[in-house]
Amino acid sequence: TQLLEQSPQFLSIQEGENLTVYCNSSSVFSSLQWYRQEPGEGPVLLVTVVTGGEVKKLKRLTFQFGDARKDSSLHITAAQPGDTGLYLCAGAVAGGTSYGKLTFGQGTILTVHP
Amino acid sequence: DTEVTQTPKHLVMGMTNKKSLKCEQHMGHRAMYWYKQKAKKPPELMFVYSYEKLSINESVPSRFSPECPNSSLLNLHLHALQPEDSALYLCASSSLDRDRTSYEQYFGPGTRLTVT
């Protein structure tokens, strides 16, 4: 059974601060997705990383996949109230009977105060 | 277009009712998923359909019955639910092209289900 440990579980910060969310596992993943979910809505895909060491940037968000493809991080620079939401990491393993299944981290509830 | 639509948005049902949730996507995806999500928790996988055939059932109680009439539609039939089944039910889809996009699941907005 693959597990993704996501931390921190809760994060409450002021507008303009920087933050990092981590996802760690003892298992290797073929890819890792990051989603953001607002209350009452479905998760929205932010990024997919598939190559060890890969770094992707989406405006003020920077995503990194570990060299061994067991961990990932999301860094937000100068957070804004609009960044508030539930952030989920999800890992996928190619092939076999688990094809199509995502292993989700427990989520990080981010609140950015004006 | 990366839109997955779900109806209804909200549903209140009694424990003896029968109702259905509907999901539709027009991205040409051949994998579709049902998830259950409790507040502030990650989604929990219920069912996966690949090429319109049920490929994964995560030991879901039989009061939940999935159906995939065609490659664009996914239904979840509900019967004799319990109050603890109240949750946000999410539908998602993904391609099966065996490239990096096949790991990307696109979610609908969900159906907020309340069982009374």
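Our structure is the block above this text.
Quick caveat, the model's predicted, so the values are computed rather than measured.

Trainee: Which residues make up the overall build of chain B, and what are the values?
Mentor: The secondary structure content of chain B amounts to zero helices and 11 strands. Traced from its N-terminal end to its C-terminal end, chain B shows the element sequence β-β-β-β-β-β-β-β-β-β-β. Projected onto its principal axes, the C-alpha positions of chain B cover 45 × 25 × 20 Å. Here chain B, with 116 residues, has 50% of them falling under the buried criterion. The long-range fraction of contacts in chain B, counting pairs at least 24 apart against all pairs at least 6 apart in sequence, stands at 55%.

Trainee: Please provide a residue-by-residue account of empty space enclosed by the protein, values included.
Mentor: Residue and element names in this part refer to chain B. Overall, the coordinates contain two cavities of 30 Å³ or more when judged by the stated rule. Around the second largest cavity, the lining residues are His-29, Arg-30, Ala-31, Met-32, Tyr-49, Tyr-51, Glu-52, Cys-68 and Ser-71. When the residues that make up the lining of the second largest cavity are grouped by side-chain class, the tally is five nonpolar, two polar and two charged.

Trainee: Please set out the state of the cysteines residue by residue, giving values where relevant.
Mentor: All names here are of chain B. Counted under the stated rule, the structure contains two disulfides over all chains. Sulfur-sulfur distance for the disulfide between Cys-23 and Cys-91 comes to 1.9 Å. Sign of the S-S torsion, about -70° for the bond between Cys-23 and Cys-91, identifies this disulfide as left-handed. Placement of Cys-23 in strand S3 (residues 18-25) and of Cys-91 in strand S9 (residues 87-94) is noted, with a sequence separation of 68 residues between them. Like Cys-23, the residue Cys-91 is buried in the burial classification. Counting only cysteine sulfurs, Cys-91 is the nearest neighbor of Cys-68, a cysteine outside any disulfide, at a range of 9.2 Å.

Trainee: Before we move on, can you summarise the interface of chain A and chain B with the specific residues and values?
Mentor: Between chain A and chain B, the contact holds 29 residues from the first and 24 residues from the second. Where chain A packs against chain B, one counts two salt bridges. Between Glu41(A) and Lys9(B) there is a salt bridge, and its shortest N-O distance comes to 3.5 Å. Scanning the region where chain A abuts chain B turns up five residue pairs in polar contact (both at pLDDT 80 or more). Broken down by secondary-structure element, the contributors of at least two residues to the side of chain A that touches chain B are strand S4 (31-37), strand S5 (44-49), strand S9 (85-92) and strand S10 (102-104) of chain A. At four residues, S4(A) tops the list of elements feeding residues into the side of chain A that touches chain B. Split by residue class, the side of chain A that touches chain B holds 13 nonpolar, 12 polar and four charged.

Trainee: Explain the environment of Pro81(A) to me, using residue names and the numbers behind them.
Mentor: All names here are of chain A. Topologically, Pro-81 is positioned in the loop between strand S8 (71-76) and S9. Exposure remark for Pro-81: the relative accessible area of 32% places this residue in the partly exposed category. Distance in space between the C-alpha atoms of Pro-81 and Ser-31 is 29 Å, their sequence separation being 50 residues. When residues no more than four places from it in sequence are discounted, the contact partners of Pro-81 are Glu-15, Val-112 and Pro-114.

Trainee: Requested: an account of the sheet that holds S8(A), with residues and values cited.
Mentor: All names here are of chain A. The antiparallel open sheet is built from five strands, whose spatial order is S1-S3-S8-S7-S6. Of all the strands in the sheet, just strand S1 (5-7) and strand S6 (55-58) have a single pairing partner and so form its edges. Between one strand axis and the next, the sheet turns through 15° on average, direction left out of account. By the bridge criterion, six bridges tie strand S3 (residues 19-24) to S8 in an arrangement that is antiparallel. Bridge pairing in S8 places Val-21 opposite Leu-74.

The rules behind these values
Residues numbered from 1 in each chain as written. Chains lettered and ligands numbered in written order. Predicted model: local features only at pLDDT ≥ 70, side-chain atom pairs only at ≥ 80, totals over all residues. Heavy atoms only, no water. Helix = DSSP H or I, 4+ residues; strand = E, 2+ residues; numbered from the N terminus. Buried < 20%, exposed > 50% of the residue type's maximum accessible area, 1.4 Å probe, protein only. Contact = heavy atoms within 4.5 Å. 1 Å grid on protein atoms, 1.4 Å probe; cavity = no way out; pocket = protein on both sides within 12 Å on 5 of 7 lines; lining within 4 Å. Points joined across faces, edges and corners; volume = space filled by probe spheres on them. Nonpolar A, V, L, I, M, F, W, Y, C, P; charged D, E, K, R; others polar. Disulfide = S-S within 2.5 Å. Salt bridge = Lys/Arg side-chain N within 4 Å of Asp/Glu carboxyl O. Polar contact = N/O pair within 3.5 Å; in protein donor to acceptor, adjacent residues only side chain to side chain. Pairing = 2+ DSSP bridges. Axes fitted to C-alpha atoms, helices over the stretch in contact; angles between N-to-C directions.

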